[in-house]
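Descriptive structure summary
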Amino acid sequence: MFPILLHLGPLTIRTYGAMIATAFLVSLQMSRVAAHARRIGEAFLLDLVAILVIAGLLGARILYVLLNLSYFRLHPWETVKVWEGGLVFYGGFVLAAIVGMIFTRYRGYPLEDVADCLAPGLALGQGIGRWGCFFAGCCYGKPTSLPWAVTFKDPASLAPLGIPLHPVQIYESLGSVAIAGLLWFLLMRRKESHGEIFWFYMLLYGLLRFWMETLRGDDRGGMIGGLAPSQIIALAAIVVSGSILLVKMTAQHDAHA
């Protein structure tokens, strides 16, 4: 759609990279405000976010490469070209979560409280980052005759050209922004939360992602039982987060009974 933002001499600035950077900055600022409200140290938060970004990019790229291994075996030098697109959210999330848990425990902060502060910013960052996918043409949708279908024409786009497609990147962006708004409302409304906001995010995004996968037209990796790998992970996230929320709600109800 608009994969190249600008050229600066020999340097090419891609829109995907610019949107990912914007998503990071906005997400960071939102998390800083949330952490301040919950009295979580800013220095710790900045260190944590830096670690999460590195682990997230690494994990997201690793899973993307694994899902497209047949291509990267023939083009191994393209493995590092993350600025051109090709990140799988769940890969980044899993690795960042593991590294983040270890670091948070090491620094002595309550894990669930920190996760709650990060959840709205993470959802908002996803919403902004999906516009990078849209401009690059990656993560494109299936062909459709709907009036709001998009047709990619730029030869540098990663999407197939000249075919009306579902703007699935925009669907997910709008859904993620809505989730971020709801999580922020809940976080600011509740004086205390111990993981509920984070697990609510996992539940809502899992539902959104499971649905979005049904509209995706790009290669989804090896299907298992008719489900794409990201759908299986989303389904697991729905079950785990839903179960944890149910347990927490039951415990809170019993405590007030």
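Residues numbered from 1 in each chain as written. Predicted model: local features only at pLDDT ≥ 70, side-chain atom pairs only at ≥ 80, totals over all residues. Heavy atoms only, no water.

1. Side note on the overall build of the protein
Per the secondary structure count, the protein includes eight helices and four strands. Ordering the α and β elements of the protein from the N terminus gives β-β-α-α-α-α-α-β-β-α-α-α. For the protein, the C-alpha radius of gyration of 19 Å lies close to 18 Å, the compact-globule estimate for 257 residues. Along the first, second and third principal axes, the C-alpha atoms of the protein reach 60 × 40 × 35 Å. Within the span of the protein, comprising 257 residues, buried residues form 45% of the whole. For the protein, the share of sequence-separated contacts (at least 6 apart) that also reach a separation of at least 24 residues comes to 68%. Of the roughly 13,300 Å² of accessible surface on the protein, a fraction of 71% belongs to carbon and sulfur atoms. (Helix = DSSP H or I, 4+ residues; strand = E, 2+ residues; numbered from the N terminus. Rg over C-alpha atoms; globule rule 2.2 N^0.38 Å. Buried < 20%, exposed > 50% of the residue type's maximum accessible area, 1.4 Å probe, protein only. Contact = heavy atoms within 4.5 Å. Areas by Shrake-Rupley, 256 points an atom, 1.4 Å probe, with all protein chains shown as cover.)

2. Section: the packing of aromatic side chains
Tallying each qualifying case throughout the model produces 12 aromatic pairs. Judged by centre distance (6.4 Å) and plane angle (45 degrees), the ring pair of Phe198 and Tyr201 falls under tilted. A residue pair is termed a helical-turn pair when its members lie 3 or 4 positions apart in one helix, as Phe198 and Tyr201 do in helix H7 (residues 196-213) at three residues. Tyr201 shares its class with Phe198; the two are buried. Three or more aromatic residues link up through ring pairs in this structure, and these residues are Phe93, Phe198, Trp199, Tyr201 and Tyr205. (Phe/Tyr/Trp six-rings, centres within 6.5 Å; stacked < 30°, edge-to-face > 60°.)

3. A look at the nonpolar core
Proteins that are soluble and globular tend to have nonpolar side chains buried together. In this structure, Leu183, Tyr201 and Met202 are the most contacted members of the largest nonpolar core, which totals 43 residues. Broken down by element, this core gets its largest block of residues, nine residues, from H7. Each residue touching Met202, except ones within four places of it in the same chain, is listed here: Phe93, Ala237 and Ser241. (Core = buried A, V, L, I, M, F, W, Y, C linked by side-chain atoms within 4.5 Å.)

4. Some points on the environment of Val65
When you line up the elements, Val65 lands in helix H2 (residues 42-67). When its relative accessible area of 12% is taken as the criterion, Val65 is described as buried. For Val65 and His7, which are 58 residues apart along the polypeptide, the C-alpha to C-alpha distance reads 28 Å.

5. A look at the packing of helix H1 (residues 15-37) against helix H5 (residues 111-136)
One way to put it is that H1 packs onto H5 with a least axis distance of 8 Å and a crossing angle of 170 degrees. As judged from the angle between their axes, H1 and H5 are roughly antiparallel. Considering only the axes of H1 and H5, their crossing is right-handed. The class makeup of the residues in the contact of H1 with H5 is 18 nonpolar, eight polar and no charged. (Axes fitted to C-alpha atoms, helices over the stretch in contact; angles between N-to-C directions. Parallel < 35°, antiparallel > 145°, perpendicular 65-115°, else oblique. Left-handed = near helix turned anticlockwise from the far one by under 90°. Nonpolar A, V, L, I, M, F, W, Y, C, P; charged D, E, K, R; others polar.)

6. Observations concerning the packing of helix H4 (residues 89-107) against H7
H7 packs onto H4 with a crossing angle of 160 degrees between their chain directions and a minimal axis gap of 13 Å. With respect to H7, the element H4 is oriented roughly antiparallel. Two packed elements cross with a definite hand, and for H4 against H7 that hand is left-handed. Seen from H4, the contacting residues are Phe89, Tyr90 and Phe93; seen from H7, they are Phe198, Tyr201, Met202, Tyr205, Gly206 and Arg209.

7. Describing a nonpolar patch on the surface
A surface patch of nonpolar side chains, amounting to about 440 Å² of accessible area, comprises Phe2, Leu5, Leu6, Leu8 and Leu11. The element that contributes the greatest number of residues to the nonpolar patch is strand S1 (residues 4-8), accounting for three residues. Among the structural elements, Phe2 can be located in the segment before S1. (Patch = residues over 30% accessible without salt bridge, like charges linked within 9 Å, V, L, I, M, F, W, Y side chains within 5 Å. Salt bridge = Lys/Arg side-chain N within 4 Å of Asp/Glu carboxyl O.)

8. Focus on the pattern of salt bridges
The tally for this structure, following the rule as stated, stands at seven salt bridges. In this structure, a network of salt bridges that share partners links the residues Arg209, Glu213, Arg216 and Asp218.

9. Some thoughts on the environment of Ser27
Relative to the assigned elements, Ser27 resides in helix H1. Among the residues examined, Ser27 registers a relative accessible area of 15% and is labelled buried. Counting along the chain gives 93 residues from Ser27 to Pro120, while the straight-line C-alpha distance between them is 8.0 Å. Leave out the neighbours within four places in its chain, and Ser27 touches Gly121, Leu122 and Gly125. At 2.8 Å, the side chain of Ser27 forms a polar contact with the backbone oxygen of Gly121. (Polar contact = N/O pair within 3.5 Å; in protein donor to acceptor, adjacent residues only side chain to side chain.)

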